[in-house]
Amino acid sequence: MLTMFQKTSFTTLIIGVFVVYVLHTCWVMYGIVYTKPCENTKFENCIKPYLAGKPRLQLSIYTALRPNADGGHTLIYKEEDFDVDSKFERTVNVSIPKKTRNNGTLYALAFVHQAGVTPWQDQKQVHLVAQLTTYMVPKPAEVSLISGEETPQVRLAEGGDTAVERPVSHWRSRLTLNVVSEEFVFDKDFLPSDVHRFLRVFQNGKKMIYLPLLFVDELSNRVKDLIEINNTRTELPLTISYDTISLGKLRFWIHMQDAVYSLQQFGFTEKDADEIKGIFVDTNLYFLALTFFVAAFHLLFDFLAFKNDISFWKQKKSMMGMSSKAVLWRCFSTIVIFMYLFDEQTSLLVLIPAGIGSLIEVWKVKKAFKIQIFWKGVRPTFIFGKSDESEKRTEAYDTLAMKYLSYVLYPLCIGGAVYALVFPFGILTARPSTGVYAFGFLFMLPQLFVNYKFKSVAHLPWKAFMYKAFNTFIDDVFAFVITMPTSHRLACFRDDVVFLVYLYQRWLYPVDKTRMNEYGLSYDEEEKPKGKAHRD
């Protein structure tokens, strides 16, 4: 048994853990969307739907300064003949109270009740409370570098002299309501805990009846729909959307909504929560499930690429055929991109691999330039190693490639600077990360040029490269799903082009056994008989 574990590679172990994780997640998801029905409807434990009796219902929506409607309420919309199977969308103008305009809050109370009476007169009414306002820091206006238009001053915290951004009340312009229209019969002994808090049950003789399952979709409230509230506007538009929802989707939505709320309690901002909402709201559920599996494979390939990349550079003895300038630029650009993604509060699925990759690229630079670090107290001393003839030849090709590249690079730099100066968004786009993304493609070309001069690609880390290539195509999928800056999204498609060129060179230059491989050894040297050394 011990021998079997010793022969098991670390990669195989990681893949095994990955498979177990995916299967466990599938089982958990199945438990969320599937609810066991009551098999014998005459059984006393069965809870039957109130909607099965086809009652005449009304939908009424009120606004109030408090969630319990103390202090008054105002009717803003009612659907007298409310059909739970018919979807609709209405836009109404809501009067904003003075307290709300003075950085206060406002709530919406949605009732489903018997038609012809007020909700407070109906004992079988169901209602939910939704907050129509949220607090956010207002965005400053964009500035033109040429016109010199001043940015409006950011609000200050009361009593403070420093520029502390103060959150102000914003209007949520959408209210999305759902009712479970399917006549599902619950089993009292297998009642899902997530649905339990939305379930109102009453006794009708020996039968247990549950009232309509009303749900307010908080995930549909997006940052892009927010409107800043000020003293000048006494009315604001509210779009009321209604649609039916299946029981499985309701349970899934409850879990996702609770997850977003938990993240906000742990310090996630409204923008962080909005990025997560966008994944669920703007994506089809089937495509969302596919995205989950794609994300899992992305993390797996990221890990395997890092592992093989480290193994390659750890054993590497010569920089023959490798563009040292490309390694240096990749280190610099990776660090800048990581800082940019961190500043933009990008999804952790993108941010964490970028951070790990930055550390690996710094280590690669140390290996590529044969840097040794000696410490004299707290002051480090750097010593650079010497290059052999093959490495000097590679550096000559690398320098020649950079010379040709400068003919394209300098005009682009000048053009980018002029663009940032002329257009009104220049102050926002003139970032180091923008140049890294734009010129990152160009700095991949020296390695292609070195490959062309040596007529070989045997010196490249092909295992790590293939894992990264798989992730490149996975990134193409994420480019439409995960929230990320547009420049990072375009960079994903940029890498596709480079990958295809590398594949073409792989086909064009077959392996020459007399050339050095990625570890600085030739195949002929590896195939020499071990006994020959003893005869010499």
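Analysis parameters
Residues numbered from 1 in each chain as written. Predicted model: local features only at pLDDT ≥ 70, side-chain atom pairs only at ≥ 80, totals over all residues. Heavy atoms only, no water. Helix = DSSP H or I, 4+ residues; strand = E, 2+ residues; numbered from the N terminus. Buried < 20%, exposed > 50% of the residue type's maximum accessible area, 1.4 Å probe, protein only. Contact = heavy atoms within 4.5 Å. Areas by Shrake-Rupley, 256 points an atom, 1.4 Å probe, with all protein chains shown as cover. Phe/Tyr/Trp six-rings, centres within 6.5 Å; stacked < 30°, edge-to-face > 60°. Lys NZ or Arg CZ within 6 Å of the ring centre and 35° of its normal. Patch = residues over 30% accessible without salt bridge, like charges linked within 9 Å, V, L, I, M, F, W, Y side chains within 5 Å. Salt bridge = Lys/Arg side-chain N within 4 Å of Asp/Glu carboxyl O. Axes fitted to C-alpha atoms, helices over the stretch in contact; angles between N-to-C directions. Nonpolar A, V, L, I, M, F, W, Y, C, P; charged D, E, K, R; others polar. UniProt positions renumbered as here; feature names shortened; annotations may be inferred. Pairing = 2+ DSSP bridges. Polar contact = N/O pair within 3.5 Å; in protein donor to acceptor, adjacent residues only side chain to side chain. Core = buried A, V, L, I, M, F, W, Y, C linked by side-chain atoms within 4.5 Å.

Within the protein, the secondary structure is distributed over 17 helices and 17 strands. Taken over 536 residues, the protein has a buried fraction of 42%. In the protein, the share of contacts with a sequence separation of at least 24, taken over all contacts with a separation of at least 6, comes to 77%. Taken as a whole, the protein presents about 31,200 Å² of accessible surface, with 60% of it coming from carbon and sulfur.

So, about the packing of aromatic side chains. Applying the stated criterion across every chain, the model contains 17 aromatic pairs. Between the aromatic rings of Phe-252 and Trp-253, the centroid separation amounts to 5.8 Å while the plane-to-plane angle is 45°, which identifies the pairing as tilted. Assessed through its relative accessible area of 5%, Trp-253 is described here as buried. Ring pairing ties together the aromatic residues Tyr-77, Phe-82, Phe-88 and Tyr-242, which thus form one cluster. Note that Lys-36 overlies the ring of Phe-190, its terminal NZ or CZ placed 4.3 Å from the centroid. The lysine or arginine in question, Lys-249, covers the ring of Trp-253, its NZ or CZ lying 5.2 Å from the ring centre.

We now examine a nonpolar patch on the surface. Together, Trp-27, Val-28, Tyr-30, Val-33 and Tyr-34 make up an exposed nonpolar region whose accessible area comes to about 550 Å². Mapping Val-28 onto the fold places it in helix H2 (residues 10-33). Take Val-28: its relative accessible area is 37%, and that puts it in the partly exposed class.

Another point: the packing of H2 against helix H5 (residues 247-265). It is the contact of H2 with H5, at a shortest axis distance of 7 Å, that shows an interaxial angle of 120°. Of the residues in H5, those touching H2 at Met-29, Gly-31, Ile-32 and Val-33 are Gly-248, Arg-251, Phe-252 and His-255. Looking at the contact of H2 with H5, its residues break down into four nonpolar, three polar and one charged.

On to the UniProt feature "transmembrane region" (unreviewed entry) in the protein. Taking the numbering used here, the UniProt-annotated feature "transmembrane region" (unreviewed entry) corresponds to residues 12-33, 285-306, 327-342, 348-365, 407-430 and 436-454. Helix makes up 100% of residues 12-33 and strand makes up 0%, while its end C-alpha atoms are separated by 32 Å. Annotation note: span residues 327-342, helix share 100%, strand share 0%, distance between end C-alpha atoms 22 Å.

Moving on, we come to the pairing of strand S11 (residues 201-204). As paired elements, S11 and strand S12 (residues 207-210) share four bridges and run antiparallel to each other. Looking at S12, one finds that Val-201 is bridged to Tyr-210. Here S11 folds back onto S12 in antiparallel fashion, the turn holding two residues, of which Gly-205 has a positive phi close to 70°.

As enumerated under the stated definition, the model contains ten salt bridges in all. A salt bridge links Arg-174 to Glu-89; the nearest nitrogen and oxygen atoms lie 3.4 Å apart. Taken as a pair, Arg-174 in strand S9 (residues 174-180) and Glu-89 in strand S4 (residues 88-95) lie far apart in primary sequence, 85 residues in all.

With that settled, consider the side chain of Asn-221. Note on placement: Asn-221 falls in the loop between strand S13 (214-216) and strand S14 (226-228). A distance of 3.0 Å separates a polar atom in the side chain of Asn-221 from a polar atom in the side chain of Glu-218. Excluding anything up to four places from it in sequence, Asn-221 contacts Arg-172, Arg-174, Asp-274 and Lys-277.

Let's shift gears to the sheet that holds strand S7 (residues 133-136). Strand-to-strand pairing in sheets goes through backbone hydrogen bonds, with the strands running parallel or antiparallel. An order of S7-S8-S14 is seen for the three strands of this open sheet, with the pairing classed as antiparallel. Every interior strand has two partners, whereas the edge strands, S7 and S14, have only one. For this sheet the average axis-to-axis angle between neighbouring strands, irrespective of direction, equals 45°. Alignment of strand S8 (residues 168-172) against S14, held across three bridges, turns out to be antiparallel. The partner of Trp-171 across the bridge, within S14, is Ile-227.

Attention shifts here to the sheet that holds strand S15 (residues 235-245). Strand order in this open sheet of four strands is S4-S15-S9-S13, and the pairing throughout is mixed. The sheet is open, and its two edges are formed by S4 and S13, each paired on a single side. Between one strand axis and the next, the sheet turns by 25° as a mean value, whatever way the strands run. Both S9 and S13 contribute to a ladder of three bridges, which runs antiparallel. Counted as the bridge partner of Val-179 is Leu-214 from S13. This element, H5, spans S9, S13 and S15 of the sheet and lies at about 40° to S13.

Let us look at the environment of Lys-36. Mapped onto the elements of the fold, Lys-36 is located in the loop between H2 and strand S1 (46-49). By relative accessible area, which is 33% here, Lys-36 ends up partly exposed. In contact with Lys-36, other than residues within four places in its own chain, are Phe-184, Asp-187 and Phe-190.

Moving on to unusual backbone geometry. Look at Lys-54: it is not a glycine, yet its phi comes out positive at around 55°. One can find Lys-54 in the loop between S1 and strand S2 (57-64). Take Lys-54: its relative accessible area is 62%, and that puts it in the exposed class.

Turning our eyes to something else, we now look at the nonpolar core. Counting 33 residues, the largest nonpolar core has Ile-61, Phe-82, Val-94, Trp-171, Leu-175, Leu-177 and Leu-238 as its most contacted members. No other element matches S15, which puts four residues into this core. Setting aside residues no more than four positions away along its own chain, Leu-238 makes contact with Ile-76, Arg-90, Thr-91, Val-92, Val-94, Leu-132, Trp-171, Arg-172, Ser-173, Arg-174 and Leu-175. Met-208, Leu-213, Phe-280 and Leu-288 belong to the second-largest nonpolar core, a separate cluster that totals 24 residues.

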